[in-house]
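# Per-entry structural report
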Number of protein chains: 2
Amino acid sequence: MKLCEMNHDELLSHKKQWEEEYDKFKALDLKLNMARGKPSPEQLALTTDMLDILNSKSDLTGINGDDYRNYGILDGIPEAKTMFADLLEVSADEVMIFGNSSLNIMYDVVSLSYTNGINGCLPWCRLDKVKFLCPVPGYDRHFTICESLGIEMVNIPYTDNGPDMDMIEKMVSEDESIKGVWCVPQYSNPSGIVYSDETVKRFAALKPKAKDFRIFWDNAYCVHHLVDEPKLILNIIDECKKAGNENMVYVFASTSKITFPGSGVAALASSAGNLKEIAKIMEARTIGHDKLNQLRHVKYFKTAEGIKEHMKKHQVILAPKFSIVIEKLEKEIAPLGIGSWVNPKGGYFISFDSVPGCAKRIVSLCREAGVTLTGAGATYPYGKDPEDKNIRIAPSYPSVEELSQAMDIFCLSIKIASAEKLLEN
Amino acid sequence: MKLCEMNHDELLSHKKQWEEEYDKFKALDLKLNMARGKPSPEQLALTTDMLDILNSKSDLTGINGDDYRNYGILDGIPEAKTMFADLLEVSADEVMIFGNSSLNIMYDVVSLSYTNGINGCLPWCRLDKVKFLCPVPGYDRHFTICESLGIEMVNIPYTDNGPDMDMIEKMVSEDESIKGVWCVPQYSNPSGIVYSDETVKRFAALKPKAKDFRIFWDNAYCVHHLVDEPKLILNIIDECKKAGNENMVYVFASTSKITFPGSGVAALASSAGNLKEIAKIMEARTIGHDKLNQLRHVKYFKTAEGIKEHMKKHQVILAPKFSIVIEKLEKEIAPLGIGSWVNPKGGYFISFDSVPGCAKRIVSLCREAGVTLTGAGATYPYGKDPEDKNIRIAPSYPSVEELSQAMDIFCLSIKIASAEKLLEN
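Heads up: these notes are all about the structure in this document. (Residues numbered from 1 in each chain as written. Chains lettered and ligands numbered in written order. Predicted model: local features only at pLDDT ≥ 70, side-chain atom pairs only at ≥ 80, totals over all residues. Heavy atoms only, no water.)

### Regarding the overall build of chain A
When its secondary structure is counted, chain A shows 13 helices and 13 strands. For chain A, the C-alpha radius of gyration of 23 Å lies close to 22 Å, the compact-globule estimate for 425 residues. Along the three orthogonal principal directions, the C-alpha set of chain A runs to about 75 × 55 × 35 Å. Taken across its 425 residues, chain A has 62% of its residues classed as buried. Across chain A, contacts joining residues at least 24 apart in sequence account for 77% of those joining residues at least 6 apart. Total accessible area on chain A stands at roughly 15700 Å², and carbon and sulfur atoms take up 51% of it. (Helix = DSSP H or I, 4+ residues; strand = E, 2+ residues; numbered from the N terminus. Rg over C-alpha atoms; globule rule 2.2 N^0.38 Å. Buried < 20%, exposed > 50% of the residue type's maximum accessible area, 1.4 Å probe, protein only. Contact = heavy atoms within 4.5 Å. Areas by Shrake-Rupley, 256 points an atom, 1.4 Å probe, with all protein chains shown as cover.)

Here's what the structure looks like:
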C-alpha cells in the first residue's frame, strides 16, 4: 500500500513502528559512511603492487632519451600520452598528461580562462557576468570551482538521455555570457545516466554565441562499468570535428578510481590547438608533472586495453554493493511509493529522489543514527536543491555488511521523513 | 694587461688570436648546456634507491590511521609536515605539503590572490594596477608568473647584503599597488648572495601600505650548500612575528634539487592563519596531493637532519664544478678586466656581469660554438637587461670535462665580444 493512500491512523502506526526500529539501530552507535565516492581498501589493494613496478633497477629513460627523474616535459611523457590517447580514442597530440587529479586540471582550465582568457577573448575576470550551465543533480566539486571564481551557475534539468538539450541549445546560442557547461556523460554523477548518441551529437553541434564557450566533458567514469556489456557514449571529440567545432570541448579523465585516488595521473584531451594554448599559459605555473608516476602507470598497465581489463576487477567488487542498495530500495521503498532512483550500469553513485521536502530530514535522521551521507542539496549549485529531494548514495567505501546496515537505516529514515511530511498536510 | 688599456692594434691582434681559438672549438661541433639549474645524472643517482622505499609490502597507513592510497589530506601528511617544519624551523601548523613543484605553489598563491583576494582585500584582478618588486638579476620563472597575470614588475638593485632595502622600504610604504616582492634569500638566483641578518630583519619589519602585501620568500636553496660552514639566513617567519608582521611572508621550498626535479614534494610555510585562508581557496582545485610520494620522502630521509646529511653528497658533486667556472674566470677574464662575478657558497648558479652591452653577443657566440646558456636578459623582468651585461651560468648539469670545455668557449666569447665592443668606440 502506498504511503499516500494511508489514512491518518495508518500513517501514525506505521511511523511509530518505523521509529522503534530506527531507535534500535541508533542504540548500536554505528559509524557508517556513504558520503563520498571513495574506493574501498579492497579496491586499492588491486593496484598496490604497482608500487613494485619502479625501483632503483628500472630503466627511467623515456623513448626519446629523456631522463624521467629530471625536469621537463610539461605535457606528459609520450608513453603515457599514447596509453591515454588510446583509452580516450584520440590521437597522441590531442592529449596532455598532468598530475594526480583531473579536478585540478578542470580548475586550472577554468582559472586560466578567468585570468588570461582563451581563443583571443577577454579574460573572464574582465567581464561583468560569466555563466556556466549545470545539469542537475550534478557533481558538487564542479559547482565549487564556479562558486570559487564567482561564475554564475544555471540549473539544467536531466532527461533519461542526458541534460535537456533544447534548453542548452537555446541558451548558449542566445547568451554570450554563458562560457561553459559541466558534463559527466558516462554515468552522470550522481544520476548514473549515460548520454544518448543524439545528446552527444547535439552537444557537438552547439552554436554558442560566446567564442570562448567550452564543454567541460568530465569523463571520470569512462571505464568504470558495473555490467559486462556497457552502453558507451559517442566520442565527443570526433563529433565536434564533424560539426566543425573541434575547439569546443575539453575532455577530462584520471586514474584516481583506477589506481590510487591520491596518487594517480590525470589527462586532458582536446584539439591540438586548445592544448597548445593551455600549455602556453601553464608554462607559468609548472615545469612539469610527476613523470615517474606517469611511467609507473604505463609500465603497470602497458596499454589502454590493460586498463580496461583491470577495471573488471573493480566491477566484481563494486557491482554487489550497488545491488544491495537497489534491492533495499526496491523492497523497502518502492511499495510505499515514497521515492525514485535509477539503477546505474556504472560510475560511483546512486541518485535517490525522495518525496519533495524530505531530503534534508532524511540525511539528518541518518546522521543521528550514525550514517553519513553527502549533505542534502550538495548535488545542486550553491547547495540549493529547489525541491529538497535529491540524495547522492555512494556505496563504494563501506563493506557489504556495513552497507546493508546503512541502507536499512537509510530506508527507515526515508519512511519516517515521508510519514512526517504526509502528516503535516 | 687590461683590455681597456690596449691600443687599437693590440686589440685587433688579440681578437684575431681569440677568434682562431674560438673557430677550433666551433669545428668540434659540441653540444654543451649551461642553461638551466638541472641536477646531473650523477646527482639523480644519489636518490634513485628512494624508488625501493615504498612497495606492496609497505605500511601505507599514516600516524592518524589514514590510508595514504586514498583521497584526502589537502594540506599534506603529518609525517611530512613534521619533517619540513623541522627543516624550515617552523611549527607543523605553519607548513603545508603539496605536489611536485614549489613553482606551482608560488603561481597558485599569486593566482588565488588575483582571482579571490586575500586578507579581506579586493582580488587583484579587480584593481587597475598591481605591482611586484623584483630584485635584479633574479629568477626568470618568478618574473614569468607576474607577466602571465599582468602584474607590473619593478626592478630593485642588489647590494652585497641583499636587495636595496632603502628602496624597498620606501616603495612598499608609499605605494598601495605594490603587493609583493620576490626573494631568493639563501644563494640568490642567480647572484648567489646570502641575505644579511639586517636585510632579513628589515624585510620582516616592512610597513606596507597594502594590507595584502606579501613577501614571496623562495627558499629554494636552503640546504644546497657548497661549503662545510655555510652562512645561514635568519628565520624570516620568526622575525616577522617579532615585528608583528606574522602574516606578511610566504616561504617556499621543495625537494626538486634534493631528490627528483620532476617527482619531489614541495612545501609552503606561513602563519597558520595564512595557510587556513589558502587551503580554503585551494579546496576548489584539488582534494589533495600525492600522499604516497610524501610518505616515500619521509621514509627515505626520516628527519630534516637526514636531508641535511644527504645534501653533503650533492656538495661533493657540485663544488668542483663551481670551482672550474670560478678558476676559468679568474685565470682568463680577471686579468683583462672585462667582467665581474661572485663566488657563491651554495645554490645552483654563478652570475657573470660582462662589459655593458656584451651579454647578448657573448650568449650568441657561445650558441654558435655549441654552448647553450640562459638567454641574455632572462634574469631581468620582461627579459630586458638595461645594460645587457648579466649572464647566468648553470654548472650543475654538464660533466666536469664538458663544463671545462664549455667554460673555455664562454671565456673566449667574452674576450671576443669585449674586444668588439672596445673597437666600436
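Right, picking up where we left off after that structure.
### Examining the pairing of strand β7 (residues 214–218) of chain B
All names here are of chain B. Within β7, five of the five residues are buried, leaving the element largely enclosed by the surrounding structure. Pairing geometry for strand β6 (residues 178–183) and β7, over four bridges, is parallel. Counterpart to V181 in the pairing with β7 is I215. Pairing analysis gives four bridges linking β7 to strand β8 (residues 249–254), with the strands arranged parallel. Its bridge partner lying in β8, F216 is registered against Y250. In this fold, the crossover linking β7 to β8 by way of helix α8 (residues 236–242) has right-handed handedness. (Pairing = 2+ DSSP bridges. Right-handed = clockwise from strand over helix to strand, strands pointing away.)

### Here's the deal with empty space enclosed by the protein
Enumeration over the complete set of coordinates arrives at six cavities of 30 Å³ or more. In terms of lining, the largest cavity is formed by 28 residues, of which the most central are G99 and N100 of chain A together with G99, N100 and H289 of chain B. Lining the second largest cavity are 14 residues, and of these Y107, D108 and S111 of chain A together with D108 and S111 of chain B lie nearest its centre. The set of elements that each furnish at least two residues to the lining of the second largest cavity consists of α4 (102–115) and α9 (272–282) of chain A together with α4 (102–115) and α9 (272–282) of chain B. (1 Å grid on protein atoms, 1.4 Å probe; cavity = no way out; pocket = protein on both sides within 12 Å on 5 of 7 lines; lining within 4 Å. Points joined across faces, edges and corners; volume = space filled by probe spheres on them.)

### A short note on helix α12 (residues 359–368) of chain B
A359, I362, V363, S364, L365 and C366 of chain B are the residues of α12 of chain B that are buried. Tucked into the core, α12 of chain B has its buried residues touching α1 (8–27), β11 (350–354), β12 (371–373), β13 (390–393) and α13 (400–424) of chain B.

### Quick notes on unusual backbone geometry
All names here are of chain B. Residue P137 follows V136 across a cis peptide bond; omega there is -5°. By the element assignment, P137 lies in the loop between β3 (131–136) and α5 (140–148). At the junction of N189 and P190, the peptide bond is cis and its omega measures out at 10° in the coordinates. Within the secondary structure, P190 sits in the loop between β6 and α7 (197–204).

### Quick notes on the interface of chain B and chain A
Many structure descriptions define interface size as the accessible area lost when the parts assemble. Taken together, the 55 residues of chain B in the interface contact 55 residues of chain A. Between chain B and chain A lies a buried interface of about 4600 Å² when both sides are counted; carbon and sulfur atoms form 49% of it. Counting the surface chain B buries against chain A, the share from its top three residues, R69, Y71 and R285 of chain B, is 17%. For the interface between chain B and chain A, the tally reads two salt bridges. Between R285 of chain A and D108 of chain B there is a salt bridge, and its shortest N-O distance comes to 2.6 Å. The tally of links from chain B across to chain A stands at 22 residue pairs in polar contact (both at pLDDT 80 or more). Among the elements of the structure, α2 (41–45), α4, α5 and α10 (291–301) of chain B are those that each provide at least two residues to the side of chain B that touches chain A. The leading source of residues in the side of chain B that touches chain A is α4 of chain B, at seven residues. Of the residues assigned to the side of chain B that touches chain A, the class counts are 21 nonpolar, 20 polar and 14 charged. (Buried area = accessible area lost by both parts, 1.4 Å probe. Salt bridge = Lys/Arg side-chain N within 4 Å of Asp/Glu carboxyl O. Polar contact = N/O pair within 3.5 Å; in protein donor to acceptor, adjacent residues only side chain to side chain. Nonpolar A, V, L, I, M, F, W, Y, C, P; charged D, E, K, R; others polar.)

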